[in-house]
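Here is what each chain is made of, one letter per residue.
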Amino acid sequence: MKNKIIKVLKKNIDVDHIRIFDESYLHRNKNKLHIKVIIVTKIFYGISLIERHKIIHKIIEKNFYNKIYALDLYTYCTSEWIKKKFFQSKKCINKN
């Protein structure tokens, strides 16, 4: 299912980076998925967090209606992602 979600999102959005995690093990209901999506795209630049989530929800609902129980979204424009990655890398460097 993860690969199908990635394919659909890439078909609808010019994605710079995408990661999907299946967190269904957190729930008793194994018939529906709990998915965490990290998505980075230029189209999110200047768009509010709520609007970003609406874009993703619309795509997911259209293609996976009634198959996903929970959806955690982490949406970034490219510049936000670069800053976030740099910050995380910096923490790793300090651990050496």
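Just so you know, these numbers come straight off a predicted model, no measurement behind them. (Residues numbered from 1 in each chain as written. Predicted model: local features only at pLDDT ≥ 70, side-chain atom pairs only at ≥ 80, totals over all residues. Heavy atoms only, no water.)

Asks: I'd like a description of the nonpolar core, backed by residues and values.
Replies: One finds L9 and I39 to be the most contacted residues of the largest nonpolar core, which totals 20 residues. Breaking this core down by element, the ones donating at least two residues are α1 (2-12), β1 (15-22), β2 (33-41), α2 (49-64) and β3 (68-76). Not counting residues within four places of it along the chain, the set of residues in contact with I39 comprises L9, I13, V15, H17, I18, F44, I56, Y74, T75 and Y76. (Core = buried A, V, L, I, M, F, W, Y, C linked by side-chain atoms within 4.5 Å. Buried < 20%, exposed > 50% of the residue type's maximum accessible area, 1.4 Å probe, protein only. Helix = DSSP H or I, 4+ residues; strand = E, 2+ residues; numbered from the N terminus. Contact = heavy atoms within 4.5 Å.)

Asks: Report on the pattern of salt bridges, specifying residues and quantitative values.
Replies: Summed over the entire model, instances satisfying the criterion amount to 5 salt bridges. Where D14 meets K42, a salt bridge forms, and the shortest distance between an N and an O atom there is 3.9 Å. With D14 in the loop between α1 and β1 and K42 in the loop between β2 and α2, this residue pair connects regions lying 28 residues apart in the sequence. With a closest N to O distance of 3.7 Å, K36 and E23 form a salt bridge. Of the two residues, K36 is situated in strand β2 and E23 in the loop between β1 and β2; the sequence distance between them amounts to 13 residues. You can call K36 partly exposed: its relative accessible area is 21%. Through salt bridges with shared partners, a single network forms among D14, D16 and K42. (Salt bridge = Lys/Arg side-chain N within 4 Å of Asp/Glu carboxyl O.)

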